[in-house]
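# Notes for the structure review
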Amino acid sequence: MTRFSALIEKLGVDIDPELLSLALTHRSFAYENGGIPHNERLEFLGDSVLAQAVTVRLYTGHPDLDEGSLAKRRASVVSTVALAEVARGIGLGDHVRLGRGEILTGGRDKDSILADTMEAVIGATYLSAGPDAATALVLRLVEPLLADPDRYGAAMDPKTSLQEISARLALPAPVYSVEATGPDHDRRFTATVVAGDVTTQGTGSSKKQAEMAAALTAWRELNARA
């Protein structure tokens, strides 16, 4: 058993431990440990693998949709918010190797870090197990998003989607508040949104990102009722 056994089991694919370790190494950890390699090259590869897998799946699965509709659905599924949600679903944040500063500012739950690391893991899968295994992993991870068309608009524009569903349920317009912590060069934002009797929070490296994360969580709760 390796220290990645639990994660590999959740991923359902055998990834070379060294490559997986690299995929989980954020640049903040690398810089604090003598400039060792980090995951940004794997992230670059994984981004392309992800886009291709989702593009082919949407193209073959929806022959009735035009180019614009396909592009919107793909953008929502591969967005930072959507990928971060996928990463949280497999507990990826617990395994990311972060520098001390990122750990102290909640880096394990930052949408940007989770999404980038998820792409790096996809890249590592491609190199370890080949393109078919990488494609299968992508589709397995994003299938819940692909199977729920109501989510497409929400993942693309959570704030507008939350406003629309609030109106549909005859609720007041959502109200946002944002708090910022950390030094100027590494600010972390926590947004709170109140929509009727639902109050949710989201975090991000920008005010917009935090508000989008909070809005998507609130939208999910209200959509379940609707």
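Attention here is on the structure that accompanies the text. (Residues numbered from 1 in each chain as written. Predicted model: local features only at pLDDT ≥ 70, side-chain atom pairs only at ≥ 80, totals over all residues. Heavy atoms only, no water.)

### Quick notes on the overall build of the protein chain
- Along the protein chain, the regular secondary structure elements total 12 helices and three strands.
- Whereas a compact globule of 226 residues would reach a radius of gyration of roughly 17 Å, the protein chain reaches 18 Å, a difference of no more than 12%.
- For the protein chain, the spread of C-alpha atoms along the three principal axes comes to 55 × 50 × 30 Å.
- Across the 226 residues in the protein chain, those meeting the buried criterion constitute 46%.
- For the protein chain, contacts bridging at least 24 residues in sequence account for 56% of all contacts bridging at least 6. (Helix = DSSP H or I, 4+ residues; strand = E, 2+ residues; numbered from the N terminus. Rg over C-alpha atoms; globule rule 2.2 N^0.38 Å. Buried < 20%, exposed > 50% of the residue type's maximum accessible area, 1.4 Å probe, protein only. Contact = heavy atoms within 4.5 Å.)

### Some remarks on the packing of aromatic side chains
- The full count for this structure, using the stated rule, is zero aromatic pairs.
- The ring of Y176 carries the charged tip of K159 above its face, separated from the ring centre by 4.7 Å. (Phe/Tyr/Trp six-rings, centres within 6.5 Å; stacked < 30°, edge-to-face > 60°. Lys NZ or Arg CZ within 6 Å of the ring centre and 35° of its normal.)

### Thoughts on the side chain of H62
- Residue position: H62 is located in the loop between α4 (40-61) and α5 (67-77).
- Given the relative accessible area of 19%, H62 is considered buried.
- Dropping the residues within four chain positions of it, H62 is found in contact with R57, L70 and R73.

### Focus on the environment of V96
- Considering the arrangement of structural elements, one finds V96 in the loop between α6 (80-89) and α7 (100-104).
- Spatially, the C-alpha atoms of V96 and M118 are 10.0 Å apart, while their sequence positions differ by 22 residues.
- Excluding anything up to four places from it in sequence, V96 contacts L24, H26, R108, I113 and T117.

### Side note on unusual backbone geometry
- The backbone of A170 sits at a positive phi, close to 60 degrees, despite the residue not being glycine.
- As for its placement among the helices and strands, A170 is situated in the loop between α11 (158-168) and β1 (175-181).
- For A170, a relative accessible area of 69% gives the class exposed.

### Considering the pattern of salt bridges
- The tally for this structure, following the rule as stated, stands at nine salt bridges.
- A salt bridge links E85 to R220, with the shortest nitrogen-to-oxygen separation between them at 3.1 Å. With E85 in helix α6 and R220 in helix α12 (residues 207-225), the pair connects residues that are 135 residues apart, well separated along the chain.
- With relative accessibility at 22%, the residue E85 sits in the partly exposed group. (Salt bridge = Lys/Arg side-chain N within 4 Å of Asp/Glu carboxyl O.)

### What about the side chain of E119?
- Residue position: E119 is located in helix α8 (residues 111-129).
- Summary of buried charges: E119 has no salt-bridge partner, and the nearest side chain of opposite charge, R27, is 11 Å away.
- Filtering out sequence-adjacent residues up to four positions away, E119 remains in contact with L42, E43, G46, D47, L50 and L83. (Lys, Arg positive; Asp, Glu negative; His and termini not counted.)

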